[in-house]
Amino acid sequence: MLRRKLVVLVGGLILVAASVFGVRVAMAHCDGLDGPVVQAARSALQSGNVNLVLIWVRQEDEAEIRAAFQQAMAVRALSAEAQALADRSFFETLVRVHRAGEGAPYTGLKPAGRDLGPAIPAADRTVETGVLDPVRDLLIESVEHGLQERFKRLKRLNDYDPNDVAAGRQYVHAYVEYIHYVERLHEAATNAVVGHYTETAH
């Protein structure tokens with residue numbers, strides 16, 4: 001049964017997701033005002049505990065974040081307007097440094113409530129609930145649908161007249177799309193997570 005076989009493939013994808021959850025990283029929405037990095041920044045500023053945000057940056061970037069945090073804490077005590085400006089400046093600094101550590105460009109803070117698609121919200125909910133089933137089901141359903149659609153199209157175009165070059169090209173197009181889709185799935189399931197920094201254990 002295709003669905004049963006897909007569990008093996010998707011299992012690799014889940015391991016990738018699980019490794020991301022383990023360090024509480026959400027790269028794809030780390031620049032949002034409602035993302036985990038800014039949430040951590042809000043908590044740090046409210047509690048006065050800079051350690052709540054240091055986990056989001058590399059060790060070599062700690063000094064910059066500590067300095068920005070101390071400056072923000074001093075300025076935000078002046079007035080409500082100063083607090084809003086200081087908080088925003090700290091959010092921007094933290095997100096910029098975090099993304100630089102991942103090798104990603106900083107393109108500004110993104111508004112809260114933007115459409116992130118189904119995967120990221122589902123993944124975040126599993127972090128909150130500790131239950132992985134919703135993400136596993138989402139991945140299995142998505143992979144199965146993608147494979148079925150591409151394979152059905154390939155089979156439909158397979159029986160073409162060898163003298164019909166246009167039909168043959170349609171088949172080749174479907175074949176290449178199907179093969180590349182499978183290849184990308186396999187790479188995602190078997191390759192290590194990239195994009196986030198790692199540090200040497202002390």
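Note that the coordinates shown come from a computational prediction; the quantities given were computed from them, not determined experimentally.

Considering the overall build of the protein
Then step 1. The helix and strand inventory of the protein stands at eight helices and zero strands.
Then step 2. Its helices and strands taken in sequence order, the protein reads α-α-α-α-α-α-α-α from the N to the C terminus.
Then step 3. Residue burial in the protein is summarised as follows: out of 202 residues, 34% are buried.
Then step 4. Once local pairs closer than 6 in sequence are excluded, the contacts in the protein between residues at least 24 apart make up 68%.
Then step 5. For the protein, the accessible surface area stands at approximately 12,500 Å², while carbon and sulfur atoms represent 55% of it.

Considering the packing of helix 4 (residues 62–76) against helix 5 (residues 80–101)
Then step 1. At a minimum axis separation of 8 Å, helix 4 and helix 5 run at an interaxial angle of 170°. As the angle between them shows, helix 4 and helix 5 are arranged roughly antiparallel. Seen from helix 4, the contacting residues are E64, I65, A68, F69, A72, V75 and R76; seen from helix 5, they are A82, Q83, A86, D87, F90, T93, L94, R96 and V97.
Then step 2. Of the residues belonging to the contact of helix 4 with helix 5, the class tally is 10 nonpolar, two polar and four charged.

Focus: the pattern of salt bridges
Once the charged atoms of two side chains with opposite charge are near each other, the side chains can pair.
Then step 1. This model, assessed by the stated rule, comprises 10 salt bridges.
Then step 2. For K110, the salt bridge goes to D31, with nearest N and O atoms at 3.3 Å. Placement of K110 in the loop between helix 5 and helix 6 (119–129) and of D31 in the loop between helix 1 (2–22) and helix 2 (36–47) is noted, with a sequence separation of 79 residues between them. We note that K110, like D31, is buried.
Then step 3. Among the ionic pairs, D31 bridges to R114, the shortest N-O distance being 2.7 Å.

Some details on a nonpolar patch on the surface
Then step 1. Nonpolar side chains collect at one region of the surface, where V172, Y175, V176 and I179 lie side by side and expose about 300 Å² of accessible area between them.
Then step 2. If you trace the backbone, V172 turns up in helix 8 (residues 165–190).

Structural notes on helix 2
Then step 1. With 12 residues, helix 2 should reach 16 Å at 1.5 Å per residue; the first-to-last C-alpha distance of 16 Å fits that figure.
Then step 2. Among the residues making up helix 2, those that are buried are P36, V37, V38, A40, A41, A44 and L45.
Then step 3. Close packing links the buried residues of helix 2 with helix 3 (51–54), helix 4 and helix 5.
Then step 4. G48, located one to two residues past helix 2, shows a positive phi value of around 80°.

Reading the values: the criteria
- Residues numbered from 1 in each chain as written.
- Predicted model: local features only at pLDDT ≥ 70, side-chain atom pairs only at ≥ 80, totals over all residues.
- Heavy atoms only, no water.
- Helix = DSSP H or I, 4+ residues; strand = E, 2+ residues; numbered from the N terminus.
- Buried < 20%, exposed > 50% of the residue type's maximum accessible area, 1.4 Å probe, protein only.
- Contact = heavy atoms within 4.5 Å.
- Areas by Shrake-Rupley, 256 points an atom, 1.4 Å probe, with all protein chains shown as cover.
- Axes fitted to C-alpha atoms, helices over the stretch in contact; angles between N-to-C directions.
- Parallel < 35°, antiparallel > 145°, perpendicular 65-115°, else oblique.
- Nonpolar A, V, L, I, M, F, W, Y, C, P; charged D, E, K, R; others polar.
- Salt bridge = Lys/Arg side-chain N within 4 Å of Asp/Glu carboxyl O.
- Patch = residues over 30% accessible without salt bridge, like charges linked within 9 Å, V, L, I, M, F, W, Y side chains within 5 Å.
- Expected span 1.5 Å × (residues − 1).

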